[in-house]
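A look at the structure
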2 protein chains.
Amino acid sequence: MRTYLECMPCFIRQALEAMRENISDEAKTLEALKKVLLSAAKFDTRKSPPEMGRIIHRIVRRESGCDDPYANIKKHSIAEALKVADRVRDAVKKSKDPFREAIKYSIAGNILDYAIISKRDEYRLWDSLRAVESATLLHDSAVEKLRERLNKAESVLFIADNAGETVFDRILIENLPGTYKIFYAVKGAPVINDATASDAEASGIGGEIMVVANGSDAPGTILKLCSREFKKLFRECDVIIAKGQANFETLNEAGRETFFLLQIKCPVIGKNYGYRVGDWIVTTAQSGKKEKKNSGIK
Amino acid sequence: MRTYLECMPCFIRQALEAMRENISDEAKTLEALKKVLLSAAKFDTRKSPPEMGRIIHRIVRRESGCDDPYANIKKHSIAEALKVADRVRDAVKKSKDPFREAIKYSIAGNILDYAIISKRDEYRLWDSLRAVESATLLHDSAVEKLRERLNKAESVLFIADNAGETVFDRILIENLPGTYKIFYAVKGAPVINDATASDAEASGIGGEIMVVANGSDAPGTILKLCSREFKKLFRECDVIIAKGQANFETLNEAGRETFFLLQIKCPVIGKNYGYRVGDWIVTTAQSGKKEKKNSGIK
């Protein structure tokens, strides 16, 4: 997906919010924000929003002198998610179809997205978890297709999104049908509140599940920026599950079947793929709608 | 009031929305947006948000080749306001205190602010008018002070804000106590959806009321950019009434008693003066709270 002009004010806001978390000096924040504005003025909008995010969050990290500006937010999200993990695990176990129920909780966790809003807000997670009962999954048939693929698989690549959401991914992994080797892919370096290896570990992921860093500090999965090891997994694993918007934006035209599990949280993505903000989606690249060409958002 | 860093993403959004209304070519819009980003990167944040707005909307006008990018929005707002004018006039006439009631309707009209949101939305006006019944005026005692001043006045300067709102200002002017010469000040040239002389005329203002252009194309009232004639009126008129946020931002420390009538629509202004978004306010420069120093918005 290309970057839309409507992404620009959003990136400026996002950068400022990240700076506010880590730079207390106003003059220094202004200088850093000016660098972001200059960088945005030079951005090639044919590239995807995660590519722009990568550039902008590199500026934030450099200017704040902080390698992981969202470290506290990530810790907080994981702690909040762990508090409710046992209850979610129970609810999944007691449901008629634990696999399907665990998918919904994993999508519920996708609300922990600080690209959209930087404020800490437990209510957003609770509301999202409560919505599991009533939420309709768009392209629901993809759940059965995924079940079928998993039952035949020997290897599964699970591409993570945000820290905290990882706790619910762990519960989903416990409820996946079939027997295979699982690789859980995280970011190679911190960007926004995306999960890194230490966030995955803090969320209880490890042991039989192999945590793999993708070698990149971009949001989403920009294959050309990922490590050779990750690209090999992406080519060779039998089933790929990818969480969240940025993975959808960067992989939905990557040319192989990928099961995307996400909430639509951004009107630009919604508009361009015919979804609405708030939609819960399970889809494959093939069933996912194509980006509309030349569709300015008004 | 100085420009806060939180104003930056808002100005970028505002500029983009204005371009979307007037530039259909995507590449041209991108080029124009890049000019806005570069300009924002150079802005002196010690200056007020209306000064930044002036620079940015000059770029929008130049790049769109359109002298009045909000012309259609303004016509629409005035037409919508005129549709309900008779009903508002009746409600004011039947109320216990028509002067006070007309102040509330004039503040209700202040919702027609396309600096905050560019989408046309009749419901916002209707909701705001309906809120007159329940709305509490902060610093309510200023209404009695204004009544007192008007009863002794020989000249009144009424500083307008948005087109459409002007229709309700007209009704307020009909219900002001006392007898005096009234000057109704509008912008010297179009900026955002602020009222110009032709908008005032289309709203039924004229005749006994002298419409005066302030000589500037900045939002609010930046005195140093206004005409000598306007500055003379500002110095010499017995009573000054100023509508809306931008006039509050630019005149609340101008050193003379001014009655501000406005809705708080922006969290930055709210936070810096101790108000909340949605507050309806009648205040004088003296009773208005001072801008907090060094108060970064988090």
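These figures come from a predicted structure and were not determined experimentally. Residue positions are counted from 1 within each chain, in the order its sequence is given. Throughout, the order in which chains and ligands are written sets their labels, letters from A for the former and numbers from 1 for the latter. Residues qualify for local features only when their pLDDT is at least 70, as the model is predicted, and side-chain atom pairs are given and counted only at 80 or more; totals for whole chains, interfaces and linings, by contrast, use all residues. To get the side-chain values, all heavy atoms of the structure are used, and hydrogens and water are removed first.

**Describing the interface of chain A and chain B**
Contacts: residue pairs with any heavy atoms within 4.5 Å of one another. On the chain B side, the residues contacting the 25 residues of chain A number 25 residues. Buried area: the sum, over both parts, of the accessible surface (1.4 Å probe) that disappears when the two are put together. Carbon and sulfur atoms supply 69% of the area that chain A and chain B bury against each other, a total of about 2300 Å² over both sides. The term salt bridge refers to a side-chain nitrogen of Lys or Arg lying within 4 Å of a carboxyl oxygen of Asp or Glu. Run the count over chain A and chain B and you get four salt bridges. Ionic pairing is found between Glu6(B) and Arg20(A), a salt bridge with its closest N-O pair at 2.7 Å.

**Describing the relation of the copies chain A and chain B**
Alignment of the copies relies on least squares applied to C-alpha atoms, considering only residues that score at least 70 for pLDDT in both. Of the transformation placing chain A onto chain B, the axial shift is 0.0 Å and the rotation is 180°, giving an RMSD of 0.0 Å. Interpreted geometrically, this transformation is the action of a two-fold axis. The C-alpha atom lying nearest the rotation axis in chain A is that of Pro9(A); the distance is 2.4 Å. Interface residue correspondence from chain A to chain B reaches 100%, placing this contact among same-surface, isologous pairings.

**Considerations on the packing of aromatic side chains**
Residues and elements named next belong to chain A. Only Phe, Tyr and Trp rings are paired, with Trp represented by its six-membered ring, and only when their centres lie within 6.5 Å; those with planes under 30 degrees apart are stacked, over 60 edge-to-face, the remainder tilted. Across all of its chains, the model carries eight aromatic pairs over all chains by this definition. Aromatic side chains Phe248 and Tyr273 sit 5.0 Å apart centroid to centroid with 70° between the ring planes, which places their arrangement in the edge-to-face category. Here Phe248, found in helix H11 (residues 245-251), pairs with Tyr273, found in helix H12 (residues 267-273); they are 25 residues apart in sequence, far enough to count as distant. You can call Phe248 buried: its relative accessible area is 1%. Criterion for a charge above a ring: Lys NZ or Arg CZ within 6 Å of the ring centre, and within 35 degrees of the ring normal. Here the guanidinium or amino end of Arg2 rests over the ring plane of Tyr4, the centre of that ring lying 3.9 Å away. Elements are defined by DSSP. Helices are runs of H or I of four residues or more, strands are runs of E of two residues or more, and each kind is numbered from the N terminus. Exposure is judged per residue with a 1.4 Å probe applied to protein chains only, and the accessible area is read against the type maximum: over 50% gives exposed, under 20% gives buried, and values in between give partly exposed.

**A short note on the packing of helix H2 (residues 26-42) of chain A against helix H2 (residues 26-42) of chain B**
The convention used is that axes are lines fitted to C-alpha atoms, helices contributing only their stretch in contact, and that angles between N-to-C directions extend from 0 to 180 degrees. At a closest axis distance of 8 Å, the pairing of H2(A) and H2(B) adopts a crossing angle of 160°. Compared by their axis directions, H2(A) and H2(B) come out roughly antiparallel. Relative to H2(B), H2(A) is oriented so that their crossing is left-handed. On H2(B), the residues that touch Lys34(A), Leu37(A), Leu38(A), Ala40(A), Ala41(A) and Lys42(A) of H2(A) are Lys34(B), Leu37(B), Leu38(B), Ala40(B), Ala41(B) and Lys42(B). The cut-offs work like this: below 35 degrees is roughly parallel, past 145 is roughly antiparallel, 65 to 115 is roughly perpendicular, and the gaps in between are oblique. In a left-handed crossing the near helix is turned counterclockwise from the far helix by less than a right angle, and in a right-handed crossing that turn is clockwise.

**Thoughts on the side chain of Lys104(A)**
Residue and element names in this part refer to chain A. Within the secondary structure, Lys104 is located in helix H5 (residues 98-109). Of the side chains bearing the opposite charge, Glu101 lies closest to the buried Lys104, which forms no salt bridge; the N-O distance is 5.3 Å. Excluding anything up to four places from it in sequence, Lys104 contacts Val132, Glu133, Ala135, Leu137 and Trp280. We treat Lys and Arg as the positive residues and Asp and Glu as the negative residues; His and chain ends play no part in the count.

**Structural notes on the pairing of strand S2 (residues 155-159) of chain B**
Residues and elements named next belong to chain B. Across the five residues that make up S2, a large majority, five, are buried. Neither face of S2 is exposed, since Ser155, Leu157 and Ile159 on one face and Val156 and Phe158 on the opposite face are all buried. We treat two strands as partners when DSSP finds at least two bridges between them. In this sheet, strand S3 (residues 181-186) lies alongside S2 in parallel orientation, the contact comprising five bridges. Considered in S3, the bridge of Ser155 is made with Lys181. Whether a crossover is right-handed comes down to one check: with the strands pointing away from the viewer, does the path from the first strand over the helix to the second run clockwise; if it does, it is right-handed. Handedness of the crossover is the feature at issue here: the chain leaves S2, passes through helix H8 (residues 165-174), returns alongside S3, and the resulting connection is right-handed.

**What about the sheet that holds strand S2 (residues 155-159) of chain A?**
Residues and elements named next belong to chain A. In space, the seven strands of this open sheet follow the order S1-S7-S6-S5-S2-S3-S4, with mixed pairing throughout. What marks the edges here is a single partner per strand, and that holds for strand S1 (137-138) and strand S4 (210-213). Set on the sheet, helix H8 (residues 165-174) makes contact with S2, strand S3 (181-186), strand S5 (239-243) and strand S6 (259-263); between it and S3 the angle comes to about 170°.

**Describing the pattern of salt bridges**
Residue and element names in this part refer to chain A. Scanning the model with the defined rule gives 56 salt bridges over all chains in all. In this structure, Arg62 engages Glu63 in a salt bridge whose closest nitrogen and oxygen atoms are separated by 3.7 Å. A relative accessible area of 57% means that Arg62 is categorised as exposed. Note that Arg149 and Glu257 form a salt bridge whose closest N and O atoms lie 2.7 Å from each other. Taken together, the residues span a long stretch of sequence, with Arg149 in helix H7 (residues 141-152) and Glu257 in the loop between H11 and S6 at a distance of 108 residues.

**Let's talk about the sheet that holds S3(B)**
Strand pairing in a sheet relies on backbone hydrogen bonds. The paired strands run either parallel or antiparallel. Residues and elements named next belong to chain B. Spatial strand order, S1-S7-S6-S5-S2-S3-S4: seven strands in an open sheet with mixed pairing. The two strands at the open ends of the sheet, each matched to only one other strand, are strand S1 (137-138) and strand S4 (210-213). One ladder, built from four bridges, connects S2 with strand S5 (residues 239-243); its direction is parallel. Its bridge partner lying in S5, Phe158 is registered against Ile241. Where H8 meets the sheet, its contacts fall on S2, S3, S5 and strand S6 (259-263), and the angle it forms with S3 comes to roughly 170°.

**Notes on the environment of Lys181(B)**
Residues and elements named next belong to chain B. Among the structural elements, Lys181 can be located in strand S3. In this structure, the C-alpha to C-alpha distance between Lys181 and Val156, residues 25 residues apart in sequence, is 6.3 Å. In this structure, Lys181 is in contact with Glu154, Ser155, Val156, Glu208 and Met210, ignoring residues within four places of it in sequence.

**A few points about the side chain of Ser95(A)**
Residues and elements named next belong to chain A. One can find Ser95 in the loop between helix H4 (71-94) and H5. Owing to a relative accessible area of 17%, Ser95 belongs among the buried residues under this scheme. A polar side-chain atom of Ser95 sits 2.8 Å from the main-chain carbonyl oxygen of Val92. Whenever two N or O atoms come within 3.5 Å, that pair is a polar contact, provided that in protein one can donate a hydrogen and the other can accept it, and provided that, for residues adjacent in sequence, both atoms are side-chain atoms.

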